[in-house]
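# Architecture and fold: a report
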Amino acid sequence: MDPLEIYKDLKHKIVWLELKPESTLNLAEVAASYGVSRNPVTIALTRLDAEEWVVRHGSHYMVSPLTLERMREITEVRAVTEVQANIWAMHRMSMEGLKELKELKEEIIQLGEKVTNRTMVEMDVRFHNLLYRETRNSKLAQILDQLLSHYLRFWLASPSRINRTDFFAQTLEIIRAVEEKDEVRLRAASAEHIKISLDEIMGLR
(Lines give C-alpha, C1' and ligand atoms only; values in the text may rest on other atoms or scores of the structure.)
Protein backbone atom coordinates (compact mmCIF):
# COMPACT_ATOMS: atom_id res chain seq x y z
CA MET A 1 0.00 0.00 0.00
CA ASP A 2 1.18 3.51 -0.72
CA PRO A 3 1.06 6.35 1.85
CA LEU A 4 -2.17 7.82 0.43
CA GLU A 5 -4.02 4.52 0.75
CA ILE A 6 -2.76 4.09 4.31
CA TYR A 7 -3.76 7.67 5.14
CA LYS A 8 -7.29 7.15 3.79
CA ASP A 9 -7.72 3.85 5.62
CA LEU A 10 -6.47 5.19 8.95
CA LYS A 11 -8.62 8.33 8.62
CA HIS A 12 -11.70 6.20 7.91
CA LYS A 13 -10.99 4.10 11.01
CA ILE A 14 -10.50 7.21 13.15
CA VAL A 15 -13.64 8.98 11.90
CA TRP A 16 -15.84 5.89 12.37
CA LEU A 17 -14.28 5.10 15.77
CA GLU A 18 -12.68 1.84 14.68
CA LEU A 19 -9.65 3.51 16.23
CA LYS A 20 -10.81 5.08 19.49
CA PRO A 21 -9.93 8.62 20.59
CA GLU A 22 -6.66 8.73 22.54
CA SER A 23 -5.67 5.20 21.48
CA THR A 24 -1.95 4.73 20.77
CA LEU A 25 -0.65 4.03 17.28
CA ASN A 26 2.69 2.22 17.44
CA LEU A 27 4.59 2.89 14.22
CA ALA A 28 6.03 -0.61 13.94
CA GLU A 29 2.70 -2.28 14.67
CA VAL A 30 0.83 -0.12 12.16
CA ALA A 31 3.48 -0.82 9.50
CA ALA A 32 3.22 -4.56 10.15
CA SER A 33 -0.58 -4.46 9.89
CA TYR A 34 -0.31 -3.00 6.38
CA GLY A 35 2.64 -5.18 5.38
CA VAL A 36 4.87 -2.22 4.60
CA SER A 37 7.96 -0.54 5.98
CA ARG A 38 7.73 2.32 8.46
CA ASN A 39 8.35 5.00 5.83
CA PRO A 40 4.92 5.04 4.07
CA VAL A 41 3.20 4.80 7.46
CA THR A 42 5.23 7.77 8.73
CA ILE A 43 4.19 9.79 5.67
CA ALA A 44 0.52 8.89 6.23
CA LEU A 45 0.66 9.69 9.95
CA THR A 46 2.40 13.01 9.29
CA ARG A 47 -0.52 14.05 7.09
CA LEU A 48 -3.04 12.85 9.69
CA ASP A 49 -1.13 14.85 12.30
CA ALA A 50 -1.33 17.98 10.14
CA GLU A 51 -5.10 17.51 9.87
CA GLU A 52 -5.39 16.93 13.66
CA TRP A 53 -6.60 13.33 13.41
CA VAL A 54 -3.59 12.17 15.42
CA VAL A 55 -1.11 13.75 17.83
CA ARG A 56 2.56 12.79 17.91
CA HIS A 57 4.13 11.58 21.15
CA GLY A 58 7.81 10.79 20.63
CA SER A 59 8.06 7.76 18.35
CA HIS A 60 4.36 6.99 18.74
CA TYR A 61 1.14 8.67 17.68
CA MET A 62 -2.14 8.99 19.53
CA VAL A 63 -5.58 9.37 17.99
CA SER A 64 -6.66 12.92 18.78
CA PRO A 65 -9.01 13.30 21.76
CA LEU A 66 -12.57 14.58 21.56
CA THR A 67 -12.78 17.96 23.22
CA LEU A 68 -15.69 20.40 23.47
CA GLU A 69 -13.35 23.32 22.85
CA ARG A 70 -12.39 21.80 19.50
CA MET A 71 -16.06 21.43 18.66
CA ARG A 72 -16.74 25.08 19.46
CA GLU A 73 -13.95 26.14 17.12
CA ILE A 74 -15.19 23.92 14.30
CA THR A 75 -18.74 25.18 14.80
CA GLU A 76 -17.66 28.80 14.48
CA VAL A 77 -16.04 28.02 11.12
CA ARG A 78 -19.03 25.96 9.93
CA ALA A 79 -21.44 28.73 10.94
CA VAL A 80 -19.69 31.11 8.55
CA THR A 81 -18.83 28.82 5.64
CA GLU A 82 -21.56 26.19 5.54
CA VAL A 83 -24.51 28.57 5.49
CA GLN A 84 -23.10 30.33 2.43
CA ALA A 85 -22.15 26.98 0.88
CA ASN A 86 -25.76 25.81 1.14
CA ILE A 87 -26.97 28.98 -0.56
CA TRP A 88 -24.50 28.49 -3.42
CA ALA A 89 -25.58 24.85 -3.67
CA MET A 90 -29.22 25.91 -3.97
CA HIS A 91 -28.50 28.35 -6.79
CA ARG A 92 -26.09 25.98 -8.59
CA MET A 93 -28.03 22.76 -8.02
CA SER A 94 -28.07 20.43 -11.02
CA MET A 95 -31.15 18.44 -11.98
CA GLU A 96 -29.34 15.27 -10.94
CA GLY A 97 -28.41 16.83 -7.60
CA LEU A 98 -32.01 17.88 -7.00
CA LYS A 99 -33.18 14.36 -7.83
CA GLU A 100 -30.70 12.88 -5.33
CA LEU A 101 -31.84 15.35 -2.69
CA LYS A 102 -35.50 14.39 -3.15
CA GLU A 103 -34.62 10.69 -2.98
CA LEU A 104 -32.67 11.26 0.23
CA LYS A 105 -35.62 13.18 1.69
CA GLU A 106 -37.87 10.19 1.07
CA GLU A 107 -35.34 7.84 2.71
CA ILE A 108 -35.25 10.06 5.80
CA ILE A 109 -39.04 10.26 6.02
CA GLN A 110 -39.33 6.48 5.79
CA LEU A 111 -36.77 5.69 8.50
CA GLY A 112 -38.05 3.24 11.10
CA GLU A 113 -37.81 3.59 14.87
CA LYS A 114 -35.05 0.98 15.16
CA VAL A 115 -32.62 2.80 12.86
CA THR A 116 -29.10 2.85 14.35
CA ASN A 117 -27.04 5.93 15.21
CA ARG A 118 -24.49 4.93 12.58
CA THR A 119 -27.11 4.68 9.83
CA MET A 120 -28.44 8.13 10.69
CA VAL A 121 -24.95 9.61 10.74
CA GLU A 122 -24.16 7.99 7.37
CA MET A 123 -27.31 9.55 5.90
CA ASP A 124 -26.34 12.93 7.36
CA VAL A 125 -22.94 12.63 5.68
CA ARG A 126 -24.60 11.85 2.33
CA PHE A 127 -26.84 14.90 2.74
CA HIS A 128 -24.01 17.29 3.51
CA ASN A 129 -21.64 15.91 0.86
CA LEU A 130 -24.36 16.28 -1.74
CA LEU A 131 -24.75 19.96 -0.89
CA TYR A 132 -20.98 20.46 -0.71
CA ARG A 133 -20.63 18.93 -4.17
CA GLU A 134 -23.38 21.12 -5.61
CA THR A 135 -21.55 24.30 -4.56
CA ARG A 136 -19.35 23.63 -7.61
CA ASN A 137 -16.41 24.69 -5.48
CA SER A 138 -14.12 21.73 -4.84
CA LYS A 139 -11.88 23.57 -2.38
CA LEU A 140 -14.81 24.63 -0.22
CA ALA A 141 -16.28 21.11 -0.40
CA GLN A 142 -12.98 19.68 0.81
CA ILE A 143 -12.78 22.08 3.76
CA LEU A 144 -16.38 21.46 4.82
CA ASP A 145 -16.02 17.69 4.49
CA GLN A 146 -13.00 17.85 6.80
CA LEU A 147 -14.95 19.84 9.41
CA LEU A 148 -17.93 17.51 9.16
CA SER A 149 -15.73 14.45 9.64
CA HIS A 150 -14.60 15.78 13.02
CA TYR A 151 -18.27 16.13 14.00
CA LEU A 152 -18.91 12.49 13.11
CA ARG A 153 -16.72 11.16 15.87
CA PHE A 154 -18.74 13.06 18.47
CA TRP A 155 -22.04 11.74 17.16
CA LEU A 156 -20.76 8.17 16.99
CA ALA A 157 -19.17 8.37 20.43
CA SER A 158 -22.46 9.33 22.05
CA PRO A 159 -23.77 6.55 24.32
CA SER A 160 -27.31 7.85 23.86
CA ARG A 161 -29.63 6.87 21.05
CA ILE A 162 -30.06 9.71 18.54
CA ASN A 163 -33.66 10.90 18.23
CA ARG A 164 -34.25 10.55 14.49
CA THR A 165 -37.07 13.13 14.41
CA ASP A 166 -34.99 15.84 16.09
CA PHE A 167 -31.82 14.83 14.23
CA PHE A 168 -33.37 15.28 10.78
CA ALA A 169 -35.85 18.11 11.46
CA GLN A 170 -33.60 20.87 10.12
CA THR A 171 -32.25 18.59 7.40
CA LEU A 172 -35.75 18.30 5.96
CA GLU A 173 -36.26 22.04 6.39
CA ILE A 174 -33.06 22.71 4.42
CA ILE A 175 -34.17 20.37 1.65
CA ARG A 176 -37.57 22.07 1.42
CA ALA A 177 -35.90 25.49 1.24
CA VAL A 178 -33.59 24.30 -1.57
CA GLU A 179 -36.52 22.83 -3.49
CA GLU A 180 -38.45 26.11 -3.17
CA LYS A 181 -35.33 28.24 -3.75
CA ASP A 182 -36.13 30.17 -0.58
CA GLU A 183 -32.85 31.78 0.44
CA VAL A 184 -34.14 33.36 3.65
CA ARG A 185 -35.59 30.07 4.85
CA LEU A 186 -32.44 28.21 3.82
CA ARG A 187 -30.14 30.59 5.67
CA ALA A 188 -32.17 30.28 8.87
CA ALA A 189 -32.49 26.49 8.67
CA SER A 190 -28.77 26.04 7.95
CA ALA A 191 -27.72 28.19 10.90
CA GLU A 192 -30.18 26.40 13.21
CA HIS A 193 -28.96 22.99 12.00
CA ILE A 194 -25.39 23.81 12.98
CA LYS A 195 -26.42 25.27 16.35
CA ILE A 196 -28.58 22.26 17.22
CA SER A 197 -25.75 19.88 16.29
CA LEU A 198 -23.40 21.57 18.75
CA ASP A 199 -26.07 21.76 21.47
CA GLU A 200 -26.76 18.02 21.12
CA ILE A 201 -23.08 17.14 21.32
CA MET A 202 -22.57 19.36 24.37
CA GLY A 203 -25.65 17.92 26.07
CA LEU A 204 -27.57 21.19 26.05
CA ARG A 205 -30.69 19.62 24.52
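Here, every reference points to the structure presented above.
Below, the structure is looked at part by part. Note that the structure is a prediction, hence the values are computed from the model and not measured. (Residues numbered from 1 in each chain as written. Predicted model: local features only at pLDDT ≥ 70, side-chain atom pairs only at ≥ 80, totals over all residues. Heavy atoms only, no water.)

### Considering the sheet that holds strand 2 (residues 54-57)
Working definition: the strands of a sheet are paired by backbone hydrogen bonds and lie parallel or antiparallel to each other. Just so we agree on the cut-off: Any two strands are treated as partners once DSSP identifies two or more bridges connecting them. Under the scheme used here, helices are H or I runs from DSSP no shorter than 4 residues and strands are E runs no shorter than 2 residues, and both carry numbers assigned from the N terminus. Only the stretch in contact is used when a helix axis is fitted, and all axes are lines through C-alpha atoms; the angle between N-to-C directions ranges over 0 to 180 degrees. Only heavy atoms matter for contacts: two residues are in contact if any of them lie within 4.5 Å across the pair.
Overall, antiparallel pairing links the three strands, which are arranged 1-3-2 in an open sheet. Looking at the sheet topology across the chains shown, the edges are occupied by strand 1 (24-26) and strand 2. Pairwise comparison of adjacent strand axes, ignoring direction, gives a mean angle of 30 degrees for this sheet. Both strand 2 and strand 3 (residues 60-63) contribute to a ladder of four bridges, which runs antiparallel. Residue Arg56 lies in a different strand from strand 3, and its bridge partner there is Tyr61. Sheet strands touched by helix 2 (residues 27-34): strand 1 and strand 3. Its angle to strand 1, the strand with the most contacts, is close to 70 degrees.

### Topic: the environment of Met120
Of note, Met120 is situated in helix 6 (residues 117-134). Separated by 22 residues in sequence, Met120 and Leu98 have C-alpha atoms that sit 21 Å apart. Discounting chain neighbours no more than four positions away, the residues touching Met120 are Leu111, Val115, Ile162, Arg164, Phe167 and Phe168.

### Observations concerning the pairing of strand 3
Pairing of strand 1 with strand 3, which is carried by three bridges, proceeds in the antiparallel orientation. Paired with Asn26 across the bridge in strand 3 is His60. A loop of two residues connects strand 2 with strand 3, the two strands running antiparallel in sequence, and Gly58 in this loop sits at a positive phi of about 65 degrees.

### As for the environment of Ile6
Assignment of secondary structure puts Ile6 in helix 1 (residues 3-15). Leave out the neighbours within four places in its chain, and Ile6 touches Met1, Tyr34, Val36, Pro40, Val41 and Ala44.

Note that all results are geometric; they support no functional claim without further evidence.
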